[in-house]
Amino acid sequence: MLAAVPPSRAMSKWSVGRKPSRTLGLLLLVILSYLVLRRYLHLKPGSCDHSVAQRLDWYNLVPAWLRHRQSGLQANGQHFMLEDSTFWIFGGSVHYFRVPKEYWRDRLLKMKACGLNTLTTYVPWNLHEPERGKFDFSGNLDLEAFVLMAAEIGLWVILRPGPYICSEIDLGGLPSWLLQDSGMRLRTTYKGFTEAVDLYFDHLMSRVVPLQYKHGGPIIAVQVENEYGSYNRDPAYMPYIKKALEDRGIVELLLTSDNKDGLQKGVMDGVLATINLQSQHELQLLTNFLLSVQRVQPKMVMEYWTGWFDSWGGPHNILDSSEVLKTVSAILDAGFSINLYMFHGGTNFGFINGAMHFHDYKSDVTSYDYDAVLTEAGDYTAKYFKLRSFFGSISGVPLPPQPDLLPKIAYEPLSLNFYLSLWDALQYMEEPVNSEKPVNMENLPINNGNGQSFGYTLYETTIASSGVLSGLVRDRGQVFVNTVSIGFLDYEKKKIVIPLIQGYTRLRILVENRGRVNYGDNIDDQRKGLIGNIYLNDSPLKKFRIYSLDMKKSFFQRFSVDKWSPIPAVPTFPAFFLGVLSISLSPFDTFMKLEGWEKGVVFINGQNLGRYWNIGPQETLYLPGAWLDQGINQVIVFEEKMAGPVIQFTETPHLGRNQYLD
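Predicted model, so just to flag it, every value in this text is computed and none were measured.

Enquirer: Give a description of the overall build of the chain that names residues and reports values.
Expert: When its secondary structure is counted, the chain shows 13 helices and 34 strands. When burial is assessed residue by residue, the chain has 58% of its 662 residues classed as buried. Look at the contacts in the chain between residues 6 or more apart in sequence, and 79% of them connect residues 24 or more apart.

As structure tokens, this is what we get:
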């Protein structure tokens, strides 16, 4: 097996005769090299600039016309070819949007040190275009910076831009504002969908095209949609996506990716099919099918699942490291290239987690640890050491040294001393939407007409009698008579008894979007909040005041210091709790343990860490040190039902009981 060619050595032969101005170009290159080297030699060792200079990739200083990139990654015959060399893809998945930007380099260096040569990542449309025509590629969503960092470190990139990505993210990465159209048919050539995709791809591909291999970048392949064979609603859809990519300048190798349920229907002309699996049994089945439809073509497992995701109320899934090593070895022995999904899972920060809904609705936990090769916090695992030894044995060159682990700390327990009940907070929020009937989250006339994507929505109306309350609540609605909680409505419980009351009483339903389904046939039906009418004794209720509790950073700016009070002996829930985490030295990573708390969300310095819930399996929330300040750190907890005495901190995560994946 030939070792893969690193990006910086892909083409070492320069052809200078192709430019008439080559003399001037070479002269400028010499001058540039001298200036950079001169600066490097005068930097003080240990300084930030010195370390950056040491990492300079001299290949990237060479003008593009000297690089002689022509063919790119090719799928001709039995093996992949990069230019005129046999190329094996040893890939690993890391999602930039699930990892603090400050830690991208750490995770990618650990990938390189494991013997991998290719980074794969999804691109989440819903995060990049939160409102129609309003794009965000800043901070943690800086796709271009992530791709260029991979190139600097010496990794190729396979990009998976969707538009649908699955990825255990809300609605599979599709924006919720698409669901404002009652006739929307996602992942088809329905006009309302393709028009939105076209506008998104116009913007996205303008960023991606310059990063392709043939333009001097690290992207060697691009995936067409994601596991469409298992959805397969529209035979014209995949050709449309392929053309949409090519028309906007995508010139690298195109791939599809399907599991055993969709491979037969996911293959398309002019695109290399790859497979997703976890077991050697699946490998044998899918290999035979690939040979029957693609004949002699390079074979690749685009997703070898190194673990699995967790759902609230379920077990913590693990996959034994010895089993992983056996399967990876079998995949390569069968002549496949491979991508480890996930190499590093990271975290579903905020409300971005997805859900599954086949028989029962199950939302994904905040942690996307995935029992991957690196932990949620980027630490090494038994899988890492075994795979590093394995890939090192076949690489043909010494592997880079393993980066040091980032330090962890257990801070002292934190008391949250200030409090603001939800009912008191309503007066400080934006004016509610007044509506004769309930309106689902996506169709609320807020956020410049884009509705509400994430978080909670509070519905208020007035009732004058007791009886049976019924309706469709998505996903979980806590019901209040005035400020007293009387229970929940959800997928299982669709009715609740309103107790005897006198006179007019305020009925309130606090509805949480726990995560839209990211995989399956029912993605068109993922509207959240109250769906249609809500009935009391079979009569529809009217005249609602609807509050959007999306809990963005701007949401909390309305709660100035004077709005908070000391915590009373008996708090009224739901409520916000405020405290200060004081750090005297440089901040380190830690994990928050909310023992005694029941269900809610944690915010640190305005960053939404995600949900916690005492039903498990996740028992701690990852708090990156990069998001902490030396000095004062604001901590806000939104708790639905019951607050604990303190917040504890630990150096290690607690993920509850385990279940071995077959």
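Enquirer: Let's hear about the sheet that holds strand S9 (residues 272-277): which residues, and what values?
Expert: A barrel is described by the order of its strands in space; here eight strands give the closed sequence S4-S5-S6-S7-S8-S9-S10-S12, paired in parallel fashion. Here the strands of the sheet are splayed against their neighbours by 30 degrees on average, with no regard to which way each runs. Direction of pairing for strand S5 (residues 118-122) relative to strand S6 (residues 156-160): parallel, over a ladder of five bridges. Along S6, the bridge assignment pairs Thr120 with Ile158. Packed onto the sheet, helix H11 (residues 382-395) meets strand S4 (90-94) and strand S12 (336-344) and runs at close to 150 degrees relative to S12.

Enquirer: Break down the packing of aromatic side chains for me, citing the residues and quoting the values.
Expert: Applying the stated criterion across every chain yields a total of 45 aromatic pairs. Taking 4.9 Å as the distance between ring centres and 80 degrees as the angle between the ring planes, the aromatic pair formed by Trp423 and Phe480 counts as edge-to-face. Linking Trp423 in helix H12 (residues 422-425) with Phe480 in strand S19 (residues 476-481), this pair joins segments that are 57 residues apart in sequence. Joined through ring pairs, the aromatic side chains of Trp125, Trp177, Phe193, Tyr200, Phe201, Tyr228, Tyr231, Tyr237 and Tyr240 make up one cluster.

Enquirer: So, the pattern of salt bridges: which residues are in play, and what are the values?
Expert: When their charged atoms lie close together, side chains carrying opposite charge are able to pair. Counting across every chain of the model gives 29 salt bridges. Two residues, Glu144 and Arg207, come together in a salt bridge whose shortest N-O distance is 2.6 Å. On the criterion of sequence distance, the pair formed by Glu144 in helix H5 (residues 143-153) and Arg207 in helix H6 (residues 191-208) is long-range, its members being 63 residues apart. Glu144 gets classed as partly exposed once you look at its relative accessible area, which sits at 22%. Since its relative accessible area comes to 23%, Arg207 is described here as partly exposed. Through salt bridges with shared partners, a single network forms among Arg476, Glu512, Lys599, Arg611 and Glu640.

Enquirer: I'd like a rundown of the sheet that holds strand S2 (residues 80-82), residues and numbers included.
Expert: The antiparallel open sheet is built from three strands, whose spatial order is S1-S2-S3. A strand with exactly one partner marks an edge of an open sheet, and here the two such strands are strand S1 (73-74) and strand S3 (85-87). The pairing of S2 with S3 spans three bridges and is classified as antiparallel. Opposite Met81, over in S3, you have Thr86 as the bridge partner.

Enquirer: Give a detailed account of the packing of helix H10 (residues 321-333) against H11, specifying residues and quantitative values.
Expert: At a minimum axis distance of 9 Å, the contact between H10 and H11 shows a crossing angle of 25 degrees. Taken together, the axis directions place H10 and H11 in an arrangement best described as roughly parallel. As H10 runs across H11, the sense of the crossing is right-handed. On the side of H10, the interface is formed by Ser321, Ser322, Val324, Leu325, Val328, Ser329 and Leu332, while H11 contributes Ala382, Lys383, Lys386, Leu387, Phe390, Phe391 and Ile394. Considering only residue class, the contact of H10 with H11 consists of nine nonpolar, three polar and two charged.

Enquirer: Before we move on, could you go through the confidence of the model for the chain and cite the residues and values that matter?
Expert: Close reading of the predicted structure is inappropriate where its pLDDT is low. Of the residues in the chain, 89% reach a pLDDT of 70 or more, and the chain-wide mean stands at 90. In the predicted structure, residues 1-66 sits below a pLDDT of 50 and forms 73 contacts with residues beyond four places in sequence or in another chain.

Enquirer: Run through H10, naming residues and quoting values.
Expert: In a regular helix each residue adds 1.5 Å, so 13 residues correspond to 18 Å; H10 covers 18 Å between its end C-alpha atoms and thus fits that length. Listing the buried residues of H10 in full gives Ser321, Val324, Thr327, Val328, Ala330, Ile331 and Leu332. Close packing links the buried residues of H10 with S4, S9, helix H9 (280-294), strand S10 (299-305), S12 and H11. Two to three positions downstream of the cap, the backbone nitrogen of Ser322 sits 3.0 Å from a side-chain oxygen, assigning the N-cap of H10 to Asp320. Phi turns positive, to about 90 degrees, at Gly335, one or two residues after H10.

Analysis parameters
Residues numbered from 1 in each chain as written. Predicted model: local features only at pLDDT ≥ 70, side-chain atom pairs only at ≥ 80, totals over all residues. Heavy atoms only, no water. Helix = DSSP H or I, 4+ residues; strand = E, 2+ residues; numbered from the N terminus. Buried < 20%, exposed > 50% of the residue type's maximum accessible area, 1.4 Å probe, protein only. Contact = heavy atoms within 4.5 Å. Pairing = 2+ DSSP bridges. Axes fitted to C-alpha atoms, helices over the stretch in contact; angles between N-to-C directions. Phe/Tyr/Trp six-rings, centres within 6.5 Å; stacked < 30°, edge-to-face > 60°. Salt bridge = Lys/Arg side-chain N within 4 Å of Asp/Glu carboxyl O. Parallel < 35°, antiparallel > 145°, perpendicular 65-115°, else oblique. Left-handed = near helix turned anticlockwise from the far one by under 90°. Nonpolar A, V, L, I, M, F, W, Y, C, P; charged D, E, K, R; others polar. pLDDT = per-residue confidence, 0-100. Expected span 1.5 Å × (residues − 1). Polar contact = N/O pair within 3.5 Å; in protein donor to acceptor, adjacent residues only side chain to side chain.

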